[in-house]
Each structure stands twice: as structure tokens, then as C-alpha cells.
Amino acid sequence: MHHPGKAGGQAMLHYFRSMNIRFYILGFLVFFAASGSAQDIAQVDLQALSELDVLVSKHNDTKSLLQATGAYPVAEVQGRATVGFLGQLAAGVSETEWRAWADNEDAVTAGACRSGIASFRVNAYALDALWQTPMALVELASRAVPDVNKVRYGTRVDSVHAGFNLPQPYHGEGVLIGVLDWGFDYTHPMFRDTTLSTSRIRAVWDQYRQAGPTPGDYSYGTVAESPLDIQMMGSDTSNVYGYSTHGTHVAGIAGGSGAGIGLKGMAPAAEFLFATLMVDEASALDAYDWMQSVADADGKRLVINNSWGLPQWGTPDGTALSNQFIDAMSDEGVVFVSSNGNNGDVDFHLDHTFDAPGDTIRSRVKFYPLSANPNSWGQNLTLWGEVGESFEMGFQLTVGLSTVVGESPIYSTDDGPFMLDTIQVVNNDTIVYDVVLEPSHPANGRPFMQMRIHKGSASVAVAMLVTSESGRVHAWNHTHLSNDVGNWGQDFQAAQSGWLSGDPYYGIQQPACGHSVIAIGAYNSEFLNPVGTEVGGTLANFSTYGPTLDERLKPNVSAPGVSVESSLSSFRDIGYSVTNAVEYDGTEYEFARLSGTSMSGPAVAGVVALMLEANPELTPADIRSILESTAREDEDTGTLPPAGDNVWGHGKVTASQAVLASLTWDSNLGASELANKQPMLFPNPVREQLWLSGLSSGRSTWDIFNLRGQLCQSGQALGLTSIDVSALQPGFYIIRVRSSQKSHGFKFLKHP
């Protein structure tokens, strides 16, 4: 096996030249230029910029460049192709000074700024201007990819809407729900009030539509705030996802009014802010800032839902600039809810703690079939080590069970910062791969390596090798697309004895990995079958597992995310299996069931709106603490550790208890005046079986009275958990449960 050692610098260059390895010449020019500038930038971003430079040189007009740069944060702004970036202002540079500098630079457009973290865009044909920006740290904006009736029952929102065991019903009135997504139908009746007379869309910003007017602080996209202007727009424009419907479905879950057929979302009285995202972090930060400005002007609380992730790029430990920006906005009162991701059914991660010289692990890399997607390119292997440690990585090519027919050099993080693009020829097959490595990533100080491998139709297997003397190394195997970054993993496989297999853990991406973000897992919602028995409740097989790279708990809680029925855009250009339809104002609007943490995230965003209506003084930290402390455990979750676990978080979101706790929450104590685990009953309303939780484990006696005070049913049980109420007539009832220690009373509605 060829091994370049750790000589670094010129010795490394001489070695690879002797191996006839092809370099990204432009990439090295960019790297050396960056090294002499004030900015710090990760090698993986330099690699992407070098690739982008090549594309820019080949496409001298905006339209063709936009078509060729689907895998990069390139978007049209005022007729120009621009590239999205995030930056950390250099020491001594104020936001005012930064904006003044950008105003004088034709190639640079400033965006949002919080706590010294700024978004900005640079003319794709003038990228040299990047190195003149007054930034200490620069990140190329990552690409955002979507994480694609029972929910109200599963979250116990139906009890909140009815006001059971609460001082009043809550529907999210006076709260704004911000949704960053694609595929909004502004005309859908789900976004009107329950009488279908008034639109609840407060404002929209379509970042793709270039007709204007633009938001006050930004120079791109089209904003509309009046109901007439929003209605006249109809929908957002076709974008990288065509005429999609993802945003319409997501928003319907968070706050749909039911469209006259009862398919209500979580917060049917909340108002909406819709932003059609220009598919990168920079535009997302701009949208956050715009939403907050509208909320501040209205004097209303804001919860923002992100049903998308930033796979592969960035840092999975909350240190990325975009996560720092979100943390700063959270400190100002904005609540962020994010889907946890959909890689729970893939063993795409592995890790190993090395403890001796020569300690080496091997694992076969599963490749996504080229035939399954026209844009399939290969696999992206991403590795992170521990601060102060180093590691080495390469691959072998095998046929059959164990015959090695080729191998790459072994690359060491100690030899970075470094990048190359090269080939390996084996048995007349050409394996194309590139490598980017850092001894200390500028965002978190960890050693980092990325290798992208394309083997085409070659009949060889790829085995990853990682070696180190000490320290823990994590690796992930993501699919890489030629027009995007991909959003799904592939397995690591123990193809031979002693090799490592993968697991689904440590899968949390940006923005869900952020410190202040409430990350949401998914499960199959409970529901009542035709005979009144509660079924469902199991974990969704796709729900991504935590923790974060720095060992923080994620997800925080879980919510229904399987076959969730919600609204479809009437402007969409792809088909779905329609489950319901309603005619409104001469147009037929349809509904469908979709699955993913994209669906569980907005369910919790809607619950947050209910909590903020009940208590507008809650901080984002309060919201997270309440959701976690009131989440329920059951036979599906099992008994969870007090600190939660990396599959369910703290359990299943329970809106009825979360809203109740919100009413009496003391931010100074970090607790409600009520016990965190209050006794409760569900479902409410009920048809057959009434379930109770939070009661003492001893013997309980119960009595059910109608509203005239007549005893209708009674009994006793050891460890009371459920009561059959199927024999009761429809109407309201009071149940009193007594034990040797306490007595509890509840009001419930019996349905026919």
C-alpha cells in the first residue's frame, strides 16, 4: 500500500505528482490565495469553490450557469448569478461598517446579520471579491433539502382545541408560524380561517420571483403582505423543485383550518409567514430575519418551522455559522423547530476509538444504484475526529469476497489543509475520487476528511480503511448527486470477519443539531380503529437517530410523521394519491398522506403556537423544557432515561399537558407550578376506551357522573390505566378517580 507519510507541504505535492495524480489546479490557486488573506475557510468549501470556478469559466451567461450549478448555492438575484455565503465579522468590524463596505462593492450584497454572523451573496463572475470581505471566517452556504386527522389525536391537540382540563380552548390565535419551504399554494382554503372568509397568510416572500417588490432590507425576490396581493400571486414560482407541494402540506399540518372538511392542523387560528427558500443557508438566514421583522412590527410571537436539512456540508455539532445565527435569534425570542431527518433506517454511520499504533478498521461502502436516480454520481464519505488528534483514511478495491485488486494512497489529516481530484484505474475500470482534509476545521477545531468516490459500472467493491494511534473517529456514508448533495445515507457493511458494520446513530444534520433548535423525531400516530381500540404509536422506521457529534441529545421529542394527511398545492406539477378533495371558489383543492420528519416537525411547531397563545412570555428555552418534561412514555417508547434517549428524545409530544404547564410556567425555576407529570386522560372526546396516565400504581376507585350529577358507571382497579365507556350515551361526563393518596377529577365528551 502506498503511504505518503506525514512530511506535509512540498513533500506531499512531490509524492502525488510522482503518482501522476491530477490536481484541481484552480482549487490550489484558491487555497493559496485564501491562505494569504484574512479569512479562514474550510477546505471542503474551497473544493466546492474550485469546482464552481470551473463551471463559471464554461458558462458565460446567467441562465446556463444556473442550469449547470444545481449542486451549489447559486441563485439569480436581480438578473445576476450569485453565490451564497455566511461569514463571521472580523474583530473590530461592526454590522454598520460591514453593510457600508458591502454597499460600496458591486459584487457583494449583504443579507441578515446577528451577533456578528452575516449572510451575503457574491456575483458568481466576480468571486475574487470574496477574499476582500471583512470576515474572520467564511462558509459557503450549504444546500437545503426537504426531509420528506391522526396527528391531532396522537399529540392530544384535540383536547387543547376543546379546552378540556384547561381554562379555555387554544387554537394559536395571536401567534405567527413561519414556514421556509417550497411549493406554497396561497389560495388553498386550509390557509383561511375556519369560516373560509379571511386569509390567515400574513405575508409571503418568494425569493425566486424577481419581479419585486423586494423586502425592505433585501434586494431580491418578491414580497406581498396584503391579502389581495398574496391572492393575485396564486403560488410561489417554479424553482429547483418545480411546482412543488411540500410547503403547502407542511403548513397545513402546522396550522390548517380544515378547509371546511375537518382536516384541521395544530394551530388553526395562527397566522402564517411563508418564505420560498432559494435553497441555501444564506437565503434561509435572510428569511429568518425578514420573518422576525414582521413579527416584531406586529407585536406577535414567532415560531419558525424547518422541514429540511443541510446534509453532508457544515458541522454536525452546532458550531456552524448558521447555527450560531439561529442561537442569537433564539436569544431574542424566536422559537425554532426542525425536522430530525429521515435516515433512521440506514446503517450509514460508524465510529471507532483507536488505542494503539496500527489500529485499523475496515468497512465496505454500499453504493446507491446509478439506475435509481438519473443524477446519481457516487458516495460521499465524511469523517470527523477529536480535537488534538489525527487520523488517516484510504480505500481498497475488491472483487469476490476478499481479493484486493487496487488501493488508494492513505491520506492523513496531519498533511492538511489539502485537496485533490484524481483517478484509480483497475481492470480497465476507472474509479474517480476526490479528497479534502483538514488537521483542524476552522469551525470546531476537529480533524476532518471528505472523500467522494465514483465507480460507475465497475464491478468492484469499495472498502474504507481508517487508522489512528488514538482518539475517536466518526464516519458517514451519504449518496452524492451530480445536481445536488443528496439527502440519504447508504450502509457501511461488515463484508469480512473483523470488519465494522454501520449503525443509524449520530445522524443529526443542520439545522436540527443546533443548541437552541427543538429537533423532532417521528412515529406512527395512535388512532382509534372502527371498534374504538387505540392502535399505532410505534417509531417511524425512517426517523433519524441522535445524538449530535458533540454528544447532545437529539431528537428532543417525537411527534406523528407517518401517513399524515394534509393539503396539496393546486399548482403542483407532480401527482399524488389523493385522499380528500374540497371545492372552493371554483377550484378543487386536494389532500394526501405523506410521511417523514418533514411532517412531525410542523406538528410540533403548531403545538408551540398553542403554548405561546396560552403564555406569550415563554422563552424558547422554556418551550423546549416544557415539551420535554410533558412528553409521555408508553409501551412503544418504553421507559426512557431521565435525560431522554437518542431515538425518541424525551418521548411523545403531549399538547394537552404542554399547554397546561405553559399557563403556570416559572422561567426562573424552570418548572410549572403543576407537577410535570400531571394525571391525564385520553382520548378526549372518546368513543370506546378511555385511557388514563399519571395515576398512582396502587388501587383506584372511579365514578362517572353525567352533568346532572347522576352516577352512570363506577368501578375499581389495581394500577388503573383504562376504562371501557362504550355503554355511555353521547354527551359530557365527569369522572372522579380516588386513591389512598389523592383524588382527581376530569371532564370528557363521549362521542356516538
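Calculation notes
Residues numbered from 1 in each chain as written. Predicted model: local features only at pLDDT ≥ 70, side-chain atom pairs only at ≥ 80, totals over all residues. Heavy atoms only, no water. Helix = DSSP H or I, 4+ residues; strand = E, 2+ residues; numbered from the N terminus. Contact = heavy atoms within 4.5 Å. Pairing = 2+ DSSP bridges. Axes fitted to C-alpha atoms, helices over the stretch in contact; angles between N-to-C directions. Buried < 20%, exposed > 50% of the residue type's maximum accessible area, 1.4 Å probe, protein only. Polar contact = N/O pair within 3.5 Å; in protein donor to acceptor, adjacent residues only side chain to side chain. Parallel < 35°, antiparallel > 145°, perpendicular 65-115°, else oblique. Left-handed = near helix turned anticlockwise from the far one by under 90°. Nonpolar A, V, L, I, M, F, W, Y, C, P; charged D, E, K, R; others polar. Core = buried A, V, L, I, M, F, W, Y, C linked by side-chain atoms within 4.5 Å. Salt bridge = Lys/Arg side-chain N within 4 Å of Asp/Glu carboxyl O.

## A look at the side chain of Thr398
For Thr398, the location among the structural elements is in strand S20 (residues 392-399). Apart from residues lying up to four places away in sequence, Thr398 is in contact with Thr403, Val404, Val405, Val460 and Ala461.

## Brief notes about the sheet that holds strand S34 (residues 578-584)
Here we have three strands laid out as an open sheet, ordered S33-S35-S34, and antiparallel in their pairing. For this open sheet the edge positions go to strand S33 (564-567) and S34, each flanked by a neighbour on one side alone. On average, each strand axis in the sheet is inclined to that of its neighbour by 25 degrees, with strand direction left out of account. With four bridges connecting them, S33 and strand S35 (residues 587-594) associate as antiparallel partners. Pairing of Glu565 across the sheet is with Arg593, part of S35. Together, S33 and S35 form the strand contacts of helix H9 (residues 246-255), whose direction differs from that of S33 by roughly 110 degrees.

## With respect to the sheet that holds strand S38 (residues 680-682)
Either a parallel or an antiparallel arrangement is found when strands of a sheet pair, and the pairing is made through backbone hydrogen bonds. Spatially, S38-S39-S42 is the arrangement adopted by the three strands of the open sheet, whose pairing is antiparallel. Each of the sheet's edge strands pairs with one partner strand only, and the pair in question is S38 and strand S42 (722-724). Averaged over all pairs of adjacent strands, the angle between their axes in this sheet comes to 20 degrees, without regard to strand direction. Bridge count for strand S39 (residues 689-693) against S42 is three bridges, and the pairing is antiparallel. By the bridge assignment for S42, Leu690 is matched with Ile723.

## Description of the pairing of strand S14 (residues 301-306)
Counting buried positions along S14 yields six of six residues, so the element is predominantly enclosed. By the bridge criterion, six bridges tie strand S8 (residues 175-181) to S14 in an arrangement that is parallel. Of the residues in S14, the one forming a bridge with Leu176 is Leu302. Looking at chain direction, S14 and strand S16 (residues 335-339) are connected through four bridges and run parallel.

## Details of the environment of Asn477
Within the element layout of this structure, Asn477 appears in strand S27 (residues 471-481). C-alpha separation for the pair Asn477 and Val604, spaced 127 residues apart in sequence, amounts to 29 Å. Polar side-chain contacts of Asn477 include one of 3.1 Å to the backbone oxygen of Lys366. A polar contact is formed between the side chain of Asn477 and the side chain of Gln379, at a distance of 2.8 Å.

## Brief notes about the packing of helix H12 (residues 597-614) against helix H13 (residues 620-630)
H13 packs onto H12 with a crossing angle of 110 degrees between their chain directions and a minimal axis gap of 11 Å. Between H12 and H13, the crossing angle belongs to the class labelled roughly perpendicular. The hand of the H12/H13 crossing is right-handed. In this structure, H12 uses Val604, Val607, Val608, Met611 and Leu612 to contact H13, whose residues at the interface are Ile623, Ile626 and Leu627. Considered class by class, the residues forming the contact of H12 with H13 number eight nonpolar, no polar and no charged.

## Considerations on the pairing of strand S29 (residues 518-523)
Successive residues of a regular strand alternate their side chains across the two faces of the sheet. Of all six residues that make up S29, six are buried, and the element is covered over most of its length. Bridge analysis of S16 against S29 gives three bridges, and the strand direction is parallel. Bridged to Ser338 within S29 is Ala519. As paired elements, S29 and strand S32 (residues 557-560) share four bridges and run parallel to each other.

## Re the nonpolar core
Ile177, Phe274, Val608, Met611, Ile623 and Leu627 are the most contacted members of the largest nonpolar core, which has 64 residues in total. Looking at this core, the element that brings in the most residues is H12, giving 11 residues. Excluding its chain neighbours within four sequence positions, the residues that come into contact with Ile623 are Val335, Ile518, Val608, Met611, Leu612 and Leu618. In terms of nonpolar packing, the next biggest core, distinct from the first, is built from 43 residues, Leu49, Trp98, Ala102 and Val108 among them.

## Looking at the pattern of salt bridges
A complete count under the given rule lists 21 salt bridges for this structure. Glu551 is paired through a salt bridge with Arg472; the nearest N and O atoms lie 2.9 Å apart. Note that Glu551 is positioned in the loop between strand S31 (534-535) and S32 and Arg472 in strand S27, a separation of 79 residues in sequence. Taking the relative accessible area as the measure of exposure, Arg472 reaches 22% and is therefore partly exposed. The salt bridge involving Arg738 is made with Asp703; its shortest N-O contact spans 2.6 Å. Highlighted residues: Arg738 in strand S43 (residues 731-738) and Asp703 in strand S40 (residues 699-706), separated in sequence by 35 residues. Assessed through its relative accessible area of 30%, Arg738 is described here as partly exposed. Owing to a relative accessible area of 10%, Asp703 belongs among the buried residues under this scheme. A single salt-bridge network, built from bridges that share partners, covers Glu51, Asp434 and Arg452.

## Observations concerning unusual backbone geometry
One can expect most non-glycine residues to show negative phi and most peptide bonds to be in trans. In this structure, Pro417 follows Gly416 across a cis peptide bond, with omega equal to 0 degrees. Checked against the element boundaries, Pro417 lands in the loop between strand S22 (411-412) and strand S23 (418-426). Lys554 connects to Pro555 through a cis peptide bond whose omega is 0 degrees. Within the secondary structure layout, Pro555 lies in the loop between S31 and S32. Not every positive phi belongs to a glycine, and Asn428 is a case in point at roughly 70 degrees. Structurally, Asn428 can be placed in the loop between S23 and strand S24 (429-438). Although it is not a glycine, Glu551 adopts a positive phi angle of roughly 75 degrees.

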